[in-house]
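# Observations on the model geometry
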Amino acid sequence: MVRVPFTRSKSLMPVVAVTLNGKGPYQFVIDTGASATIVRQSLVKELGLRRNGEARGSSLSGTEVLSRHVATEVVIGGKLRVGELSVYASEGFEKQGFDGLLTANILTRLPCQLDYRAGEVRYYLDATQPMPLDGFGEIHASYITERGIDADKITVSIGFAGHSIDCLMDTGAGSALMLRGDYVRDYNLWDKYPLISEGQLRGVNGKALKTRLVEVKDIQVAGLWVPRMAVALGDPYDREGYNVRAPFQGILGAPFLSAFQLAFQPKSAVHIKASGGFAALAPPEKHVSNLPQTTPDRPVIPFRLGEDRRFNFVAEIDGKPLTGLLNLGDGTSSIGAETAAKFGLSKLAGGYDGAALSFGGVRRPGLTLRKARQPKQDLYLGADFVQMTPCRLDLDNKYMMCYLKGAPETTGYDRLPAQWLSDGTLMISGSLMDKPMRFRLDTGWGYGLILSSEAVKAHDLWDAFPKAENRLSGDGKGGMKKIRYTGAPRLDFGPYRIDPAPLTLNDPTGGGEEGYKGVDGVIGIGVLWRFNMIFVHDEVWFKPNQRFGYSPTSLPSKPAE
């Protein structure tokens, strides 16, 4: 195996060191959307490369004539020797801040994995030792070779709003996903989604293209679901702003691709594996502060909803910020050993003293952090964090009020049939489609309701939803497992009914999942963020908030306006 390290530009493009004819190293961008290997015009003069042809190409400066040259000795990343390479000199590339760019050929001609998190491309050159693909899922892909220049391009199919669309895989593009104007026009997408902003992009033909950045909530890639994503829409009325001959409807850029590990087989297939970067694809949360005044008896701790909708509390110790994820699915708060050492937390038996952490100026005396299995784990705030004192979680205004004296006012709230289990987690009784079940509440689970494989099998639910989408999910052991995602009628707990409810089904032939001891499933943040919550010792109270999502069959009914 050969490892080629790379850095990332400000726009997340992978950048590798390249030597040409023994000189360098020079900084080259890996740009899988490029039609040719490009070098700046002045570099050709520095290397003394002779001209042996030309081609017409497009760049951010518009269309120009590119002179062709041959580098006879090329080494990428100080380790990968590729032999002779045709390069095209571009005057328009002089001000791009790099010495050149490499096409997709660097990935498509040899078995390799592009790993953004590790910052390397791994090449598997020994035919007796195949490239490992544990945990990867295959995505439908096509390799297209540009005529005359011999440069590969890669298109992949993704699910977008109920449609399958082909997208160019472009590590040099700055938008996570951009949809071509003709596709936007044909499917009436220009005014369909919540608007984030309007702007312009520079097309490959050098023309300015009007765009809209919108929020889209359902995109699938090889069975993996991206819950929220900022998508750029090309102007549907600008026919000159995009190439009408392109065999794809969208472009997947560096911000999107960096959320995955990508594996390439020469001229045959692309496999992907999620690397935990989906949150970065979502649009920024619009935050409006409406915090009540904090008092000694009722301190207020603000929090934010992350891009995956989970609760993030910002702690501070000695002026250093540390984000803590509220995870009611774990009975005890925890932190990794390396993270604790980095922030100077004092050791206790089996863990660390969290009393030194300040949450918006509020300390939690007695907070003990269990030592996590993963040394680099960030701060996770478990169910013990909300049980230390009576408290109220206000999702409308994003704060937690602690009651050091007295108790929260429960007028307008409903007490749930909840039970604290021996592991410190919270279980409620309810039903799905009138089938009695027990659910654990888990603010660390980013979706709605997920059922264990045993519950899916016992209630014969795997094939009960004809429109369910097949997806892949991590199995917690480094591999992947099959799941199905759908909307289910009548999720009932306490006086509430969510209809439809976002439902994830574990493959009933799997089994053995962790985290379902004593329960049939988990109610995650996709349902829980619809409520404001009160915790008073063993009691749990809920109240629908502005995200409840009333429907004709939901309970309670929508209040009269």
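Cut-off values and rules
Residues numbered from 1 in each chain as written. Predicted model: local features only at pLDDT ≥ 70, side-chain atom pairs only at ≥ 80, totals over all residues. Heavy atoms only, no water. Helix = DSSP H or I, 4+ residues; strand = E, 2+ residues; numbered from the N terminus. Rg over C-alpha atoms; globule rule 2.2 N^0.38 Å. Buried < 20%, exposed > 50% of the residue type's maximum accessible area, 1.4 Å probe, protein only. Contact = heavy atoms within 4.5 Å. Areas by Shrake-Rupley, 256 points an atom, 1.4 Å probe, with all protein chains shown as cover. Domains from an automatic or database assignment. Buried area = accessible area lost by both parts, 1.4 Å probe. Salt bridge = Lys/Arg side-chain N within 4 Å of Asp/Glu carboxyl O. Polar contact = N/O pair within 3.5 Å; in protein donor to acceptor, adjacent residues only side chain to side chain. Nonpolar A, V, L, I, M, F, W, Y, C, P; charged D, E, K, R; others polar. Phe/Tyr/Trp six-rings, centres within 6.5 Å; stacked < 30°, edge-to-face > 60°. Lys NZ or Arg CZ within 6 Å of the ring centre and 35° of its normal. Pairing = 2+ DSSP bridges. Axes fitted to C-alpha atoms, helices over the stretch in contact; angles between N-to-C directions.

For the chain, an unreviewed UniProt entry supplies the name Peptidase A2 domain-containing protein and the organism Asticcacaulis excentricus.

For the chain, the count of helices and strands is eight helices and 52 strands. Against the compact-globule benchmark of 24 Å for 561 residues, the chain has a radius of gyration of 27 Å, which places it among compact chains. Residues counted as buried form 53% of the 561 residues belonging to the chain. A fraction of 62% describes how many contacts in the chain between residues 6 or more apart in sequence connect residues 24 or more apart. Split by element, the accessible area of the chain, about 25,800 Å² in all, is 49% carbon and sulfur.

Here the focus is the domain arrangement of the chain. The figure often quoted for interface size is the accessible area lost as the parts come together. Here the domain parsing of the chain yields domain 1 (2-123), domain 2 (137-281), domain 3 (300-402) and domain 4 (414-544). Contacts between the two partners involve nine residues from domain 2 and, on the opposite side, nine residues from domain 4. When the area that domain 2 buries against domain 4 is broken down by residue, the three leading residues are Gly223, Leu224 and Trp225, summing to 56%. Counting the contacts that link domain 2 with domain 4 gives zero salt bridges. Taken together, the links from domain 2 to domain 4 amount to zero residue pairs in polar contact (both at pLDDT 80 or more). Residue composition of the side of domain 2 that touches domain 4, grouped by class: four nonpolar, three polar and two charged.

Moving on to the packing of aromatic side chains. Throughout the structure, instances matching the rule amount to 15 aromatic pairs. Taking the centre distance of 5.6 Å and the plane angle of 65 degrees together, the rings of phenylalanine 313 and phenylalanine 385 count as edge-to-face. With phenylalanine 313 in strand 29 (residues 311-317) and phenylalanine 385 in helix 6 (residues 384-387), this pair connects stretches of sequence that are 72 residues apart. For the pair phenylalanine 313 and phenylalanine 385, one class covers both residues: buried. For the ring pair phenylalanine 493 and tyrosine 496, a centre distance of 6.1 Å and an interplane angle of 65 degrees mean the geometry is edge-to-face. Taking the relative accessible area as the measure of exposure, phenylalanine 493 reaches 1% and is therefore buried. A connected cluster of aromatic rings, assembled from ring pairs, spans Phe493, Tyr496, Phe531, Phe542, Phe548 and Tyr550. One cation-aromatic arrangement involves arginine 180 over phenylalanine 248; the distance from NZ or CZ to the ring centre is 6.0 Å. Positioned above the aromatic ring of phenylalanine 385, the side-chain terminus of arginine 364 is 5.1 Å from the ring centre.

This paragraph deals with the environment of aspartate 31. Note that aspartate 31 resides in the loop between strand 4 (23-30) and strand 5 (38-40). Judged by relative accessible area, aspartate 31 falls into the buried class, the value being 13%. Between the C-alpha atoms of aspartate 31 and glycine 366, which are 335 residues apart in sequence, the distance is 52 Å. Aspartate 31 has contacts with Leu101, Leu102, Thr103, Ala104, Asp170, Thr171 and Gly172, leaving out every residue within four places of it along the chain.

Turning our eyes to something else, we now look at the environment of aspartate 134. With respect to the helices and strands, the residue aspartate 134 is situated in the loop between strand 13 (120-123) and strand 14 (137-139). Classification of aspartate 134 as exposed rests on a relative accessible area of 64%. Remark: the alpha-carbon pair of aspartate 134 and alanine 488, spanning 354 residues in sequence, is separated by 32 Å.

Bringing the pattern of salt bridges into the picture now. Tallied over the entire structure, the rule returns 20 salt bridges. Between aspartate 99 and arginine 40 there is a salt bridge whose closest N-O contact spans 2.8 Å. Note that aspartate 99 is positioned in the loop between strand 10 (85-90) and strand 11 (100-102) and arginine 40 in strand 5, a separation of 59 residues in sequence. Overall, the relative accessible area of 12% leaves arginine 40 in the buried class. Connected through shared salt-bridge partners, Arg3, Asp115, Glu120 and Arg122 make up one network.

Strand order in the open sheet formed by six strands is 1-13-12-25-26-14, with antiparallel pairing between adjacent strands. Since the sheet does not close on itself, it has two edges, and those belong to strand 1 (2-5) and strand 14, each with one partner. If you compare each strand with its neighbour and ignore which way they point, the axes differ by 25 degrees on average. In terms of strand pairing, strand 12 (residues 112-115) meets strand 25 (residues 260-265) through four bridges, oriented antiparallel. Within strand 25, the position partnered with cysteine 112 by the bridge is phenylalanine 264.

Turning next to the pairing of strand 3 (residues 14-20). Among the seven residues in strand 3, five count as buried, and that is most of the element. The turn linking strand 2 (residues 7-8) back onto strand 3 is made up of five residues, and leucine 12 within it adopts a positive phi angle of 75 degrees. As judged from the five bridges shared by strand 3 and strand 4, these two strands associate in the antiparallel manner. Its bridge partner being in strand 4, leucine 20 is matched across the sheet by lysine 23. As judged from the three bridges shared by strand 3 and strand 8 (residues 74-76), these two strands associate in the antiparallel manner. Each bridged residue has a counterpart across the sheet, and for valine 18 the counterpart in strand 8 is isoleucine 76.

Bringing unusual backbone geometry into the picture now. Among all residues except glycine, the phi angle is most often negative; among peptide bonds, the trans geometry is most common. Proline 25 follows glycine 24 through a cis peptide bond whose omega is 5 degrees. Tracing the sequence through the fold places proline 25 in strand 4. The omega angle of the peptide bond from aspartate 499 to proline 500 is 5 degrees, so this bond is cis rather than trans. Relative to the assigned elements, proline 500 resides in the loop between strand 48 (496-498) and strand 49 (501-506). One non-glycine residue, arginine 490, lies in the positive phi region at around 60 degrees. Relative accessible area serves as the criterion here: at 25%, arginine 490 is assigned to the partly exposed category.

So, about the side chain of threonine 504. Within the element layout of this structure, threonine 504 appears in strand 49. Judged by relative accessible area, threonine 504 falls into the buried class, the value being 2%. For threonine 504, the contacting residues outside a window of four places in its chain are Trp445, Leu449, Ile450, Leu451, Ile483, Arg484 and Tyr485.

Read across the sheet, six strands follow the order 27-39-38-51-52-40 without closing on themselves; strand pairing throughout is antiparallel. One side of each edge strand has no neighbouring strand; the edge strands of this open sheet are strand 27 (300-302) and strand 40 (414-415). Sheet topology places strand 40 next to strand 52 (residues 539-544); two bridges connect them, and they run antiparallel. Opposite aspartate 414, over in strand 52, you have phenylalanine 542 as the bridge partner.

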